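# Inside the fold
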Amino acid sequence: DVKVTQSSRYLVKRTGEKVFLECVQDMDHENMFWYRQDPGLGLRLIYFSYDVKMKEKGDIPEGYSVSREKKERFSLILESASTNQTSMYLCASSFGASRHNEQFFGPGTRLTVL
Amino acid sequence: QKEVEQDPGPLSVPEGAIVSLNCTYSNSAFQYFMWYRQYSRKGPELLMYTYSSGNKEDGRFTAQVDKSSKYISLFIRDSQPSDSATYLCAMCSNDYKLSFGAGTTVTVRA
């Protein structure tokens, strides 16, 4: 079974803090993704990575950065957290050349910024 | 205008009813169409996948794609309380980025 794990299920941070969200997958997937999910807006892509040390901006990259030093690990960084970054954050991974483009998701991290 | 439009509901049906969900899209390059199911406090999981116009059945679930109308549907027959979840449509072209609908929350009442 593919497993995507995220470092925290719930996180509470203060405005201005630096926040790290970690994601690890165990299926040797090339692609990894970070989304945020908000009511009525669905999943919006923040950043994705198609190889180690490679990254591309998604639809809403402002205020976020990412790091992929190892194939299995993809980190999302909020340099200076703000209240509008309160959201559910979902990590996903997929094979590089998958005909289905199926993405496997982690359980999510609910981040609250006070 | 969003690339993928999906009515967020919520939708409440009695057990045994047919659930009908749908999405419309604007990008004619989309070729692969998926439905994900997301239970409360969990990540989405793939439910159905199709890449051609027409119907695809898997047990109580039928996915339907009409590329000419840019319209996809998911039908759940004989719905069960365990089907209560949020259903998200997703689609992509030839790259590996998915575009998601907003998700429809479904409650099946026992």
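In what follows, the accompanying structure is described. Counting restarts for each chain, with residues numbered from 1 along the sequence as it is written. All chains are assigned letters beginning at A, and all ligands numbers beginning at 1, according to the order in which they are written. For this predicted model, a pLDDT threshold of at least 70 governs which residues receive local features, and a threshold of 80 or more governs which side-chain atom pairs are given and counted, while totals over whole chains, interfaces and linings are taken from all residues. With hydrogens and water set aside, each side-chain value is computed from the structure's full complement of heavy atoms.

## Overview of the interface of chain B and chain A
It is common to report an interface's size as the accessible area lost on association of the parts. Contacts are assigned to residue pairs with any non-hydrogen atoms lying within 4.5 Å of each other. Chain B puts 22 residues into the contact, and the matching count from chain A is 23 residues. Put simply, buried area is how much 1.4 Å-probe accessible surface two parts lose in total, over both of them, once they are put together. Here chain B meets chain A over a buried area of about 1,800 Å², counting both sides, of which 56% is carbon and sulfur. A side-chain nitrogen of Lys or Arg and a carboxyl oxygen of Asp or Glu constitute a salt bridge if their distance falls within 4 Å. For the pair chain B and chain A, the interface holds 0 salt bridges. Definition of a polar contact: a pair of N or O atoms within 3.5 Å, with one able to donate and the other able to accept a hydrogen when the atoms are protein atoms, and with sequence-neighbouring residues admitted only if both atoms are side-chain atoms. Across the contact surface, chain B and chain A share 3 residue pairs in polar contact (both at pLDDT 80 or more). Labels follow the DSSP assignment, with helices taken as runs of H or I lasting at least four residues and strands as runs of E lasting at least two, numbered in each case from the N terminus. Listing elements by their share of the side of chain B that touches chain A, those giving two or more residues are strand S4 (32–38), strand S5 (45–50) and strand S9 (85–92) of chain B. No other element matches the 4 residues that S4 of chain B contributes to the side of chain B that touches chain A. Of the residues in the side of chain B that touches chain A, the class split is 13 nonpolar, 4 polar and 5 charged. Under this grouping Gly is polar, as are all residues other than the nonpolar Ala, Val, Leu, Ile, Met, Phe, Trp, Tyr, Cys and Pro and the charged Asp, Glu, Lys and Arg.

## Remarks on the pattern of salt bridges
Considering all chains together, one arrives at 10 salt bridges over all chains under this definition. Salt-bridge contacts for Glu79 of chain A lead to Lys18 of chain A; the nearest nitrogen and oxygen are separated by 3.5 Å. Of the two residues, Glu79 of chain A is situated in the loop between strand S8 (73–78) and strand S9 (87–94) and Lys18 of chain A in the loop between strand S2 (10–13) and strand S3 (19–25); the sequence distance between them amounts to 61 residues. Across the pair Glu45 of chain B and Arg37 of chain B runs a salt bridge, and its minimum N-O distance is 3.3 Å. Using a 1.4 Å probe on the protein chains alone, a residue whose accessible area is under 20% of its type maximum counts as buried, one over 50% counts as exposed, and one in between counts as partly exposed. Glu45 of chain B sits in the partly exposed class, given a relative accessible area of 36%. The network of salt bridges with shared partners includes Asp28, Glu30 and Lys71 of chain A.

## Some points on the pairing of strand S8 (residues 71–76) of chain B
All names here are of chain B. Strand pairing is defined by DSSP finding a minimum of two bridges between the two strands. Examined bridge by bridge, strand S3 (residues 19–25) and S8 share 6 bridges and lie antiparallel to one another. Bridging across to S8, Val19 finds its partner in Ile76. Note: strand S7 (residues 61–66) against S8, 6 bridges, orientation antiparallel. Of the residues in S8, the one forming a bridge with Val65 is Ile72. Connecting S7 to the next strand, S8, in antiparallel fashion are 4 residues, including Lys70 with a positive phi near 55 degrees.

## Topic: the pairing of S5 of chain B
All names here are of chain B. Bridge count for S4 against S5 is 5 bridges, and the pairing is antiparallel. Its bridge partner being in S5, Trp35 is matched across the sheet by Met48. Between S4 and S5, which pair antiparallel in sequence order, lie 6 residues; one of them, Arg41, sits at a positive phi of approximately 65 degrees.

## Quick notes on the state of the cysteines
Residues and elements named next belong to chain A. Any two cysteine sulfur atoms within 2.5 Å of one another count as a disulfide. Per the counting criterion, the structure on display carries 2 disulfides over all chains. Across a sulfur-sulfur distance of 1.9 Å, Cys23 and Cys91 are joined as a disulfide pair. Taking the sign of the S-S torsion, about -75 degrees here, the bridge from Cys23 to Cys91 comes out left-handed. In this pair, Cys23 sits in strand S3 while Cys91 sits in strand S9, placing the two residues 68 residues apart along the sequence.

## Side note on the packing of aromatic side chains
All names here are of chain B. Pairs were defined over the aromatic rings of Phe, Tyr and Trp, the Trp ring being its six-membered one, requiring ring centres within 6.5 Å. Orientation was assigned from the angle between planes: stacked under 30 degrees, edge-to-face over 60, tilted for the rest. Tallied over the entire structure, the rule returns 12 aromatic pairs over all chains. With a centroid separation of 5.3 Å and 45 degrees between ring planes, the pair formed by Tyr25 and Phe33 is classed as tilted. Here the aromatic rings of Tyr36 and Phe100 are separated by 5.8 Å at their centres, their planes lie at 55 degrees, and the arrangement is tilted. Of this pair, Tyr36 sits in strand S4 while Phe100 sits in strand S10 (residues 99–100), and the two are 64 residues apart along the sequence. Judged by relative accessible area, which is 0%, Tyr36 ranks as buried.

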